[in-house]
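Observations on the three-dimensional arrangement
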There are 2 protein chains.
Amino acid sequence: MQLHGYFRSAAAYRVRIALNLKGLTAKHAFRHLRKGEQRAPDYLALNPQGLVPSLELDDGSVITQSLGIIEWLDETFPEPPLLPADRLQRARVRAFAQVIACDTHPVQNLKVLNRLRTLGLSEDAVTDWAAAANREGLTACEQLIAREPGPYCFGPTPTLADLCLVPQLGNARRFGVDLSRFVRLLKAEAVAKVLPEFADAAPEHQPDAE
Amino acid sequence: MQLHGYFRSAAAYRVRIALNLKGLTAKHAFRHLRKGEQRAPDYLALNPQGLVPSLELDDGSVITQSLGIIEWLDETFPEPPLLPADRLQRARVRAFAQVIACDTHPVQNLKVLNRLRTLGLSEDAVTDWAAAANREGLTACEQLIAREPGPYCFGPTPTLADLCLVPQLGNARRFGVDLSRFVRLLKAEAVAKVLPEFADAAPEHQPDAE
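Since the model is a prediction, treat every value here as computed from it, not as a measurement. (Residues numbered from 1 in each chain as written. Chains lettered and ligands numbered in written order. Predicted model: local features only at pLDDT ≥ 70, side-chain atom pairs only at ≥ 80, totals over all residues. Heavy atoms only, no water.)

1. What to know about the interface of chain B and chain A
We apply this condition: Contact between two residues is taken to exist if any of their heavy atoms lie within 4.5 Å; hydrogens are not considered. A simple way to read buried area is as the amount of 1.4 Å-probe accessible surface that goes missing from two parts once joined, with both sides added. Put simply, a salt bridge is a Lys or Arg side-chain nitrogen that is within 4 Å of an Asp or Glu carboxyl oxygen. Within 3.5 Å is the distance limit for a polar contact, defined as a pair of N or O atoms, with the added protein rule that one can donate a hydrogen and the other accept it, and that residues adjacent in sequence qualify only through two side-chain atoms. Put simply, DSSP marks the helices as runs of H or I at least four residues long and the strands as runs of E at least two long, and each gets a number from the N terminus on.
Every contact between the two is made by 40 residues of chain B and, on the other side, 40 residues of chain A. Across the interface of chain B and chain A, roughly 3,800 Å² is buried in total on both sides, 60% from carbon and sulfur atoms. Along the contact surface separating chain B from chain A lie 10 salt bridges. Here Glu136 of chain B ties to Arg115 of chain A by a salt bridge, and the two come within 3.1 Å at their closest N and O atoms. On inspection of chain B and its partner chain A, the count reaches 16 residue pairs in polar contact (both at pLDDT 80 or more). Elements supplying a minimum of two residues to the side of chain B that touches chain A: β4 (62-64), α3 (66-76), α4 (87-101), α5 (110-118) and α6 (123-144) of chain B. Examining the composition of the side of chain B that touches chain A, we find that 10 residues originate from one element, α4 of chain B, more than from any other.

Now the structure itself:
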């Protein structure tokens, strides 16, 4: 397997954690988003969106979209599970992940922020936009797990929710969001970040980190 | 079951189609997004994001996020399946759905467009923004199923992909996107739209339609 990613992409970071938790070794190809390498013809042939991550399987098949990749990994390599066995709890984990992956991250990704810049917004206004998207998404996430005992987002082991949360908190910090009131989220992050599977997947530990 | 929705919400529309395909009857509660009814305290208690849809189960449990709701419906009421049995094909269906549900729809939803308005963008610029997001997402979707024989997005029956596609094409038309070059997407839409399960779920057939 080969993962096409970028050190700072929160979506690629989610998949790196999943691979580590599953104990899988993948080759890593890096596409430098700020240099536009994700729009090179050879990459667009793999992923017509020109986004990372993409997971290229040994038979040449390609899976795109981080949540889709993680669900495939979980179905293909079931241990340890990244979704709870209980159907309702699975739905809650997926909803939490989608608050981040659908309603938060895409509204503050590089592509959208660049579009705002071309509309003439100042750097401060662009940062405010990104910070607001993070604040809003994380506020919902905090409430979604307020009654979950933890220590992870949903129970005693990491799930898809934690795979989405940890990278997003990194983004929120980059945009200057004050995270202190997200007590429950920070508790989940604290236990996750000390796991080697999360730590090794962090942007600053990737070979393409700047 | 009770579905909290809004006639024009593409995300609620996806869930209405899923309920119909599963042969399920749900009560419908409508939250008028333009009037801000999704931010009423009673609704925020169900869904801290203040977004539609939310599916309220008879035991009081609530599931949020359209893709999470649909996966729960598919796991709970397996027939007819909305995801293929083959793992790789499931991943492709999910990726297609996520191109729409993660990277397209949230970038052009009412909340983001209102944020652009508060930044001083003209109505024309706001519409251009929404049209560009649709064009970009649909361009990727067209390529993702270019080699799929159809007639639906993935094979002979509707899947999660079609549930996302049909509502999104409706949005794209509202924003004036020229859809003529999306030949494969229009083929999938044409077969889906004549099914009563899709037709009955359309925005214009909802009791809250304006």
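And the narrative resumes.
2. Quick word on the sheet that holds strand β2 (residues 27-30) of chain B
Residues and elements named next belong to chain B. Note the following rule: For two strands to be treated as a pair, DSSP must find no fewer than two bridges joining them. Helix axes are fitted to C-alpha atoms over the stretch in contact, other axes to C-alpha atoms as well, and angles between N-to-C directions run from 0 to 180 degrees.
Ordered by their spatial adjacency, 4 strands build an open sheet running β2-β1-β3-β4, and the pairing between neighbours is mixed. Edge positions in the open sheet fall to β2 and β4, since each of these has one partner strand only. The average angle at which neighbouring strand axes cross in this sheet is 20 degrees, direction not considered. Where helix α1 (residues 10-21) meets the sheet, it contacts β1 (2-5) and β2, and its direction lies at approximately 155 degrees from that of β1.

3. Remarks on the pattern of salt bridges
Close approach of charged atoms lets side chains of opposite charge pair. In total, this model carries 22 salt bridges over all chains according to the counting rule given. Its salt-bridge partner being Arg31 of chain A, residue Asp42 of chain A comes within 3.3 Å of it at the nearest N-O pair. Here the residue Asp42 of chain A occupies a position in helix α2 (residues 41-46), and Arg31 of chain A occupies one in the loop between β2 (27-30) and α2, the gap between them amounting to 11 residues. Three or more residues joined by partner-sharing salt bridges are found here, namely Glu71, Glu75, Arg90 and Arg94 of chain A together with Glu71, Glu75, Arg90 and Arg94 of chain B.

4. Focus on the side chain of Asp162 of chain A
All names here are of chain A. The cut-off we apply is this: Type-normalised accessible area, obtained with a 1.4 Å probe on protein chains alone, sets the label of each residue: buried when under 20%, exposed when over 50%, and partly exposed for intermediate values. Charge counting follows a simple rule: Lys and Arg are positive, Asp and Glu are negative, and His as well as the terminal groups are ignored.
In this fold, Asp162 is placed in helix α7 (residues 160-174). Although Asp162 lies buried, it forms no salt bridge, and the closest oppositely charged side chain, Arg184, sits 6.7 Å away as judged by the N-O distance. A polar atom in the side chain of Asp162 sits 2.9 Å from the backbone nitrogen of Cys153. Ignoring any residue separated from it by four or fewer positions in sequence, one finds Asp162 in contact with Tyr152, Cys153, Thr157, Pro167, Ala188 and Phe198.

5. Thoughts on the packing of aromatic side chains
Note the threshold: We call Phe, Tyr and Trp rings a pair once their centres come within 6.5 Å, taking the six-membered ring for Trp, and we label the pair stacked below 30 degrees between planes, edge-to-face above 60, and tilted otherwise. Put simply, a charge is over a ring when the Lys NZ or the Arg CZ is close to the ring centre, within 6 Å, and near the line of the ring normal, within 35 degrees.
A full pass over the atoms with the stated rule returns 7 aromatic pairs over all chains. Judged by centre distance (6.0 Å) and plane angle (55 degrees), the ring pair of Trp129 of chain A and Trp129 of chain B falls under tilted. You can see Trp129 of chain A sitting in helix α6 (residues 123-144) and its partner Trp129 of chain B sitting in helix α6, one on each of two chains. One exposure class covers both Trp129 of chain A and Trp129 of chain B, and it is buried. Plain terms: the ring middles of Tyr6 of chain B and Phe7 of chain B are 4.9 Å apart, the flat faces sit at 70 degrees to each other, and that makes the pair edge-to-face. Each member of the pair, Tyr6 of chain B as well as Phe7 of chain B, carries the same accessibility label: buried. The residue whose ring lies beneath Arg115 of chain B is Trp129 of chain A, and the NZ or CZ to ring-centre distance is 5.5 Å.

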